[in-house]
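Overview (structure and organization)
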Amino acid sequence: MEAAAAQATASGWRANLATIAAMTARAKNELLRVPGAAIPGVLAPTIFFLGLNGVFGALIDLRGFDTSSYESFIVPVSMLQGAGFTGAAAGVNLARDYEQGWVDRLLVSPAPRWVLLAGNVLAASARSLVPATFVLAIGFAIGVQWPGLDGLLVCYLMVAAMAAVAACWGSMLALHYKSQSAAPLMQAGMMALVLLTPAYAPLELLQPWLEAVARINPVTHVVEAARQGFVGDVTWAGTWPGIVALVGLLVVLGSLALREMRRTNV
Amino acid sequence: MSGLGTNARVVRALGARSIRQTFRRPQLISPIIVFPTLLLAIQTGGAGAGINLPGFPPVQSFLQFMLAGSMMQSMMLAGNSGGIAFAVDIEMGFTDRLFASPIPRFAIVLGRLAGTAALGLFASVWFLAIGLIFGAHIEGGIPGALLATFLITASSLAVGGIGAAIALRSGSASVVQGLFPLVLVVLFLSSAFFPQELMIEPAKTIAEYNPFSFIVEGVREPIVSGIDAKQTLEAVAAIVGIILLGLALSASALRHRLRVG
């Protein structure tokens, strides 16, 4: 009896994993079949990276700026921004799928709701590596310092997890409003979350109001963890707060997105 | 005279429609108001210490300096949003119905541009109000504020002309929407967000010749120090140049649209 129950559980997990893999593959196919759709997500963070570097590069001359390369300072922010845009795009795509009736078909399938959400979120996480790698390649071309293998791994971990956070946020809004009209809210929310941090300058050089906001914004830890290899050494003390912040955001936003998915009726 | 009055009524009606359309669709209004306001807050808070850099022009605050850049950003995105909405009208066949009606074709384009200009006016008033609420001084006083508002409104007409031309030529909203990153490039390669002398090469050199730098300096001067005839004239010349370019492109695109249907 117990063996039969264990077999059923294993089979259920296999089915769930297969569903997640299928949904991730669908997102990958979309990327391959409509490569143009990925261009804005790649272009926007790249333009921001090059633009901010050209415009605010002189800020490193300020007393208290502890790096000599603004491009190295700003590149992880642009990679995280790309992750935010990619995650928000996952929300927009979900809203489009809802408008076209695709979500209804998924909801009548025997797949659990969390599996459907996980497929969308993991696909966004994987897709976020495309803009991140593009921005980083441009960064290396214009003189971004090599962050070391550990720095690179930590940065990519932060980027992938940040995209998952953004996808949970986007999915929650998509399922709540059930319309692509909510797209600006998805994008603006992520933009604010990533940029209301020491994105442009160290905490001590921010205006007092932004410093106060950045100190309570959990994404500040994510930005600092992703940045550490580019501006100094990678340490566990600089990494774990970022991981904790991302896990916390994933739990909160993932739960909210799942709640919206459970509330969605066919 | 009656013909002129009719055309004015058509332009007014289409302009009012385009404004209503923008305020009804979050996708159109957010780039004009939400994103530039968010960026103004973030850049002011994040890069505000930049006014302590040697060579930064004397300003009361970084917010005061940034107001012109935010107005420019909003105005350019209003032009882009106007182009997207125009292309949606073309895709949905609304423009074809207008072409078939007994009104001059130029009034159709002018109606859209009137709406874009009104959004530019709204954006300039919005950012001046935000500046005043958060403590920025308008050194040029009421005449300075009016001049900045006029220059932004005229610029949105100019940029809207280019957006309308691309909408008419392509007839595709996604093509016009694809220009959004270009707007950011043009802005970053101008002195919209930082003094040109303190920018990093090659952005510094490009910003020196970018016509949008002349416009932004013309808008900024009445805010940070007072009205300056030379900078105002340079801004007006840049705006006139872009208007002429927009008119030429729009006329050519309109002919193309009428030919291909």
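For the structure itself, look to the data block above.
Residues numbered from 1 in each chain as written. Chains lettered and ligands numbered in written order. Predicted model: local features only at pLDDT ≥ 70, side-chain atom pairs only at ≥ 80, totals over all residues.

Attention now goes to the overall build of chain A. Scanning chain A from N- to C-terminus turns up 11 helices and zero strands. Its helices and strands taken in sequence order, chain A reads α-α-α-α-α-α-α-α-α-α-α from the N to the C terminus. Computed over the C-alpha atoms, the radius of gyration of chain A is 20 Å, within 12% of the 18 Å expected from 2.2 N^0.38 for a compact globule of 266 residues. Based on the C-alpha atoms only, the size of chain A along its principal axes is roughly 70 × 45 × 35 Å. Out of the 266 residues belonging to chain A, those deemed buried represent 50%. Of the contacts made within chain A by residues no fewer than 6 positions apart, 82% connect residues no fewer than 24 positions apart. (Helix = DSSP H or I, 4+ residues; strand = E, 2+ residues; numbered from the N terminus. Rg over C-alpha atoms; globule rule 2.2 N^0.38 Å. Buried ≥ 20, exposed ≤ 12 C-beta atoms within 10 Å, placed from the backbone. Contact = placed C-beta atoms within 7 Å.)

Looking only at helices and strands, one finds 11 helices and zero strands in chain B. Put simply, chain B runs from its N terminus to its C terminus through helices and strands in the order α-α-α-α-α-α-α-α-α-α-α. Its C-alpha atoms give chain B a radius of gyration of 19 Å, within 12% of the compact-globule value 18 Å for 261 residues. Taking the principal axes of its C-alpha atoms as reference, chain B extends roughly 60 × 40 × 35 Å. Of all 261 residues assigned to chain B, the portion counted as buried reaches 51%. Across chain B, every contact between residues at least 6 apart in sequence was considered, and the portion connecting residues at least 24 apart equals 80%.

With 168 residues, the main nonpolar core has Leu 80, Val 159 and Met 162 of chain A together with Met 72 of chain B as its most contacted residues. In terms of residue count, the dominant contributor to this core is helix α7 (residues 148-177) of chain A (18 residues). (Core = buried A, V, L, I, M, F, W, Y, C linked by C-beta atoms within 7 Å.)

All right, on to the environment of Leu 175 of chain A then. Residues and elements named next belong to chain A. Note that Leu 175 resides in helix α7. Considering only alpha carbons, one finds Leu 175 and Arg 259, 84 residues apart in sequence, at a separation of 9.5 Å. Not counting residues within four places of it along the chain, the set of residues in contact with Leu 175 comprises Ala 257, Glu 260, Met 261 and Thr 264.

The next thing to look at is the interface of chain B and chain A. Taken together, the contact pairs 27 residues of chain B with 30 residues of chain A. Secondary-structure elements contributing two or more residues to the side of chain B that touches chain A are α2 (26-47) and α8 (180-188) of chain B. Of the residues forming the side of chain B that touches chain A, the biggest block, 11 residues, is contributed by α2 of chain B. Its residues assigned to classes, the side of chain B that touches chain A shows 18 nonpolar, eight polar and one charged. (Nonpolar A, V, L, I, M, F, W, Y, C, P; charged D, E, K, R; others polar.)

This brings us to the environment of Thr 197 of chain A. Residue and element names in this part refer to chain A. Topologically, Thr 197 is positioned in the loop between α8 (183-195) and α9 (208-216). Along the primary structure Thr 197 and Val 223 are separated by 26 residues, whereas in three dimensions their C-alpha atoms are 7.5 Å apart. Once residues lying within four places of it in the same chain are set aside, the contact partners of Thr 197 are Ala 214, Asn 217, Val 219, Thr 220 and Val 223.

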